[in-house]
Amino acid sequence: MPDDDAIKKRICCNAFHRRPAQQTTAPEPAGRGDFVRQHTYRSSTCQMPKTEQVLSIFLASPGDVSDERGRVDAFVDEWNNLWSEDLGVHLRLVKWETHAYPAVGADGQDVINTQIGEEYDLFLGIMWKRFGTPTGRAASGTVEEFERALARYRASGNPQLMFYFKKVDSDAGDNAAQLQAVQQFRDRLAKKDGVLYWDFVSPDQFGQLVRVHLTRHIQNWSKRYRQRPEIAPAAQSDLANRFNGYLNNSKKQSGVLSAIILQFAKIHRAFIIENSRRAAKVRAMSDEQLTAEFQMLSLIEMANAMNRYADAAERFETSFISEFSIFVEGVLGAAAISIAFPAVQTKSLSQMLVRLRRELHPVYGEMGNFIAQLAKCRPQLSGQMLTANERSIAALGRFREHVRFGERMLLESENLFNAKHRP
């Protein structure tokens, strides 16, 4: 939630609710969180009315994570365009920007609370450096929205709650007090509220994480809601073909990612072997041979080699990020189809995820060990060598962070295809 002043200004400028394009029917009596809202429409491929279950997601955050909020918007639009007709599940994103309008209350946040209400199935919170302004009832607007959702969950088991924190990679500057409040709230979630949160470092990482997690929630809710749209044989064949397309794409990308890791591992080991060879040569030389000129040339040679190593780490990091993003697209497409069409065989995909994760894990460990070795050398270095050393540590550290994130994403993706999560 942005600060109160921003809320009041934007509410006065936004007098409309966003409404679904389809005609909405009255809610059926049912328990909260069990797809209680429905809307009926006519499919472009069928003249018979079809009914979709509507799953509402409330998005809460301060105003400094607009990129991440955009990723949630994009997932909801993509899901509704690609899957809502086949799966019978339509996502509805609830945000203060689109679901609040000019009115009077105790304050801007009170107006939003009243107008948005409590009829949503999933609370999704995001924080970075901004915490927000106290509302009179809570430490900030986002915290108040979280506390209302948490109270509902404890009373009824709904809504489900998801919270994400973006890592701060630089000094907070003027936001020091805000950042401290964010960190205290984060500690509170784990220690007091029992909420499992997730960290991320970039909007792209958040986009991948939230898409996997939302797909898992859709799986679980779809499993609880037993009524499924009937799928005609022709549509089943189409879904099977689409699933095979996603499966083949995922297998191809798995091979590409394995090759990236293998190729970098070769460069990494070759660099270590060359350093060991150079060090052994120096140790074998006599004092007369170790002239100042030779030592200077050796240092330049080592610095150049270290810079080439850093170049490789940066290059392979970029390739890994790009190819992993394509890989996730295939996995999520296959997971979506498995919700609508449980007959598809996901065992080979699940095994592929496990295999790739096991390939990443030792590379992550080896990278960490080498970063520690490079750090130990820093006190003995100066000039070009120190610069090259620090650059290598930074480049390898960034690459390692993405490998670690990939490992975590693979583990989360495995859960998409475990039998206990299948409908």
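The residue count restarts for each chain, going from 1 along the sequence in the order it is written. Local features in this predicted model are restricted to residues whose pLDDT is 70 or higher, and side-chain atom pairs enter the listing and the counts only when it is 80 or higher, whereas totals over whole chains, interfaces and linings include all residues. Side-chain numbers here rest on the full set of heavy atoms in the structure, without hydrogens or water.

A look at the overall build of the protein chain
To be explicit about the condition: Where helices and strands are cited, they refer to DSSP runs of H or I of at least four residues and of E of at least two residues respectively, numbered from the N terminus. Only protein chains enter the accessibility calculation, which uses a 1.4 Å probe. A residue is then buried if its area is under 20% of the maximum for its type, exposed if over 50%, and partly exposed in between. Note on contacts: a residue pair is in contact if any heavy atoms of the two residues lie within 4.5 Å. For every accessible area listed, the method is Shrake-Rupley and the probe measures 1.4 Å; residues are considered covered only by the protein chains on display.
Summing up its helical and strand segments, the protein chain has 12 helices and six strands in all. Of all 423 residues assigned to the protein chain, the portion counted as buried reaches 48%. Contacts in the protein chain between residues at least 24 apart in sequence constitute 78% of all its contacts with a sequence separation of at least 6. Looking at the protein chain as shown, the accessible area adds up to about 20800 Å², and 52% of this sits on carbon and sulfur atoms.

Regarding unusual backbone geometry
Between Asn158 and Pro159 the backbone carries a cis peptide bond, its omega angle lying at 5 degrees. Within the fold, Pro159 resides in the loop between helix H6 (141–156) and strand S5 (160–166).

Considerations on the side chain of Asn80
Rules: Polar contacts, as counted here, are pairs of nitrogen or oxygen atoms within 3.5 Å of one another; within protein the pair requires one atom able to donate a hydrogen and one able to accept it, and residues that are adjacent in sequence qualify only if both atoms are side-chain atoms.
Position of Asn80 relative to the elements: it lies in helix H2 (residues 66–82). For Asn80, a relative accessible area of 16% gives the class buried. Engagement of the side chain of Asn80 in a polar contact is seen with the side chain of His90, the distance being 3.5 Å. Setting aside residues no more than four positions away along its own chain, Asn80 makes contact with Val89, His90 and Leu91.

Observations regarding the pattern of salt bridges
Spelled out, the test is: By definition here, a salt bridge exists when the distance from a side-chain nitrogen of Lys or Arg to a carboxyl oxygen of Asp or Glu is within 4 Å.
Tallied over the full model, the rule gives 19 salt bridges. Residue Arg188 pairs with Glu147 through a salt bridge whose shortest N-O separation is 3.0 Å. Placement of the pair is Arg188 in helix H7 (residues 176–193) and Glu147 in helix H6, with a sequence separation of 41 residues. Judged by its relative accessible area of 22%, Arg188 falls in the partly exposed class.

Description of the confidence of the model for the protein chain
Our working rule: Looking at any residue, its pLDDT shows the predictor's confidence there, from 0 to 100.
For the protein chain, per-residue confidence averages 80 on the pLDDT scale, and 75% of positions sit at 70 or higher. Of the regions scoring below 50 in pLDDT, residues 1–36 engages in 89 contacts with residues more than four places distant in sequence or in other chains. Segment residues 99–104 is flagged for pLDDT under 50; beyond a separation of four residues in sequence, or across chains, it makes 28 contacts in the model.

Details of the packing of H6 against H7
Keep this limit in mind: Angles shown run from 0 to 180 degrees and are taken between the N-to-C directions of axes, each axis being a line fitted to C-alpha atoms and, for helices, limited to the stretch in contact. The labels follow the angle: roughly parallel below 35 degrees, roughly antiparallel above 145, roughly perpendicular from 65 to 115, and oblique for the rest. In this count, Pro and Cys sit with the nonpolar residues alongside Ala, Val, Leu, Ile, Met, Phe, Trp and Tyr, while Asp, Glu, Lys and Arg are called charged and the others, Gly among them, polar.
Interhelical geometry of H6 versus H7 gives an angle of 10 degrees and a closest axis separation of 13 Å. Considered as vectors, H6 and H7 are oriented roughly parallel to each other. Residue-level inspection shows Val143, Phe146, Glu147, Leu150 and Arg154 of H6 in contact with H7, the latter providing Phe185, Arg188, Leu189, Lys192 and Asp193. Split into classes, the residues belonging to the contact of H6 with H7 amount to five nonpolar, no polar and five charged.

Details of the packing of aromatic side chains
So the rule is basically this: Aromatic contacts are taken between Phe, Tyr and Trp rings whose centres are within 6.5 Å, Trp giving its six-membered ring; a plane angle under 30 degrees counts as stacked, one over 60 as edge-to-face, and the others as tilted. A ring is scored as having a charge over it whenever the NZ atom of a lysine or the CZ atom of an arginine sits within 6 Å of its centre and within 35 degrees of its normal.
Taken as a whole and judged by the stated rule, the model has 24 aromatic pairs. Where Phe165 meets Tyr197, the ring centres are 5.2 Å apart and the plane angle is 80 degrees; that geometry is what we call edge-to-face. Taken together, the positions of Phe165 in strand S5 and Tyr197 in strand S6 (residues 197–200) put the pair 32 residues apart, joining distant regions of the chain. The exposure class of Phe165 is buried, given its relative accessible area of 2%. With a centroid separation of 5.7 Å and an interplanar angle of 20 degrees, the aromatic rings of Phe320 and Phe324 are classed as stacked. Of this pair, Phe320 and Phe324 both sit in helix H10 (residues 292–340), four residues apart, which is roughly one turn of that helix. Residue classification places Phe320 among the buried residues on the basis of a relative accessible area of 2%. Three or more aromatic residues joined by ring pairs form one cluster here, namely Phe58, Tyr120, Phe123, Phe131, Phe146, Phe163, Phe165, Phe185 and Tyr197. In this structure, Arg152 is placed above the aromatic ring of Tyr120, and the distance from its NZ or CZ to the ring centre is 4.9 Å.

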